[in-house]
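So you can see what is in the structure, the chains are spelled out below.
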Amino acid sequence: MPRTLSRRAALGLAAGLAPGLAIAACGSGSPAPDGAPSGYGGTRTVEHARGRSAVPARAGRVVALDTDALDSVVTLGLSPVGATTVSEGAPFPGYLPAERLAGTKAVGTIGQPNLEAIAALRPGLAGRPTGVTADS
């Protein structure tokens, strides 16, 4: 019988994949050099606590679910489409470049991300974990 992914597990999975998406976004998009690891092209397989997920080698739409992930995404030169805040109505951290966060939508708090708002932003996550299905 297939296992279903609870809301809490989905949040954990999303939080676990955010840094991987940020790192995967650094891909060059150029052809793989000789001897490059598999997955250098269109997608990469990321192993995590819930199994494996295929993520884009170059993510274009990133949602950061924690302050450290937001820091990493911005440091890597990306402008996230969405991010959580530390509390309801709180601004994004002031030490991050405002121009990098100009179009970033708040998607709830770190402790309670809004899954519907995140889904509406269509983040660049390809597929779901192997052997896990989402709740209907």
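This text follows the structure it describes.
Residues numbered from 1 in each chain as written. Predicted model: local features only at pLDDT ≥ 70, side-chain atom pairs only at ≥ 80, totals over all residues. Heavy atoms only, no water.

Once that is clear, we can look at the overall build of the protein chain. Summing up its helical and strand segments, the protein chain has three helices and seven strands in all. Counting helices and strands in the order they occur from the N terminus, the protein chain gives β-α-β-β-β-α-β-β-α-β. Of all 136 residues assigned to the protein chain, the portion counted as buried reaches 34%. Taking as baseline every contact in the protein chain between residues at least 6 positions apart, the subset at least 24 positions apart corresponds to 56%. Accessible surface for the protein chain amounts to roughly 8,100 Å². Of this, 54% is attributable to carbon and sulfur atoms. (Helix = DSSP H or I, 4+ residues; strand = E, 2+ residues; numbered from the N terminus. Buried < 20%, exposed > 50% of the residue type's maximum accessible area, 1.4 Å probe, protein only. Contact = heavy atoms within 4.5 Å. Areas by Shrake-Rupley, 256 points an atom, 1.4 Å probe, with all protein chains shown as cover.)

The next point concerns helix α2 (residues 67-75). Within α2, burial applies to Ala 69, Leu 70, Val 73 and Val 74. Down the axis of α2, the buried side of the element spans an arc of 130°, and every buried residue falls inside it. Facing away from the buried surface of α2 by more than 90 degrees, the exposed residues are Asp 68 and Thr 75. Immediately downstream of α2, the backbone of Gly 77 shows phi near 90°, a positive value. (Arc of directions from axis to C-beta.)

Let's shift gears to the sheet that holds strand β4 (residues 63-64). Taken in spatial order, the three strands of this open sheet run β4-β5-β6, and their pairing is parallel. In the strand order of this sheet, the two ends are held by β4 and β6 (105-109), each with one partner. Taken together, the two bridges between β4 and strand β5 (residues 82-85) define a ladder with parallel strand orientation. The residue bridging Ala 64 from the neighbouring strand is Ala 83, located in β5. (Pairing = 2+ DSSP bridges.)

A word on the side chain of Thr 85. Within the secondary structure, Thr 85 sits in strand β5. Of the residues examined, Thr 85 reaches a relative accessible area of 6% and is grouped as buried. In this structure the side chain of Thr 85 is engaged in a polar contact, spanning 2.9 Å, whose partner is the backbone oxygen of Ser 87. Excluding residues within four positions of it along the chain, Thr 85 makes contact with Ala 90, Pro 91, Phe 92, Ala 106, Gly 108, Thr 109 and Ile 110. (Polar contact = N/O pair within 3.5 Å; in protein donor to acceptor, adjacent residues only side chain to side chain.)

The backbone phi angle of Arg 122 is positive, close to 50°, even though this residue is not glycine. Here Arg 122 is to be found in the loop between α3 (115-120) and β7 (132-134). A residue is classified by how much of its surface remains accessible, and Arg 122, at 64% relative accessible area, is exposed.

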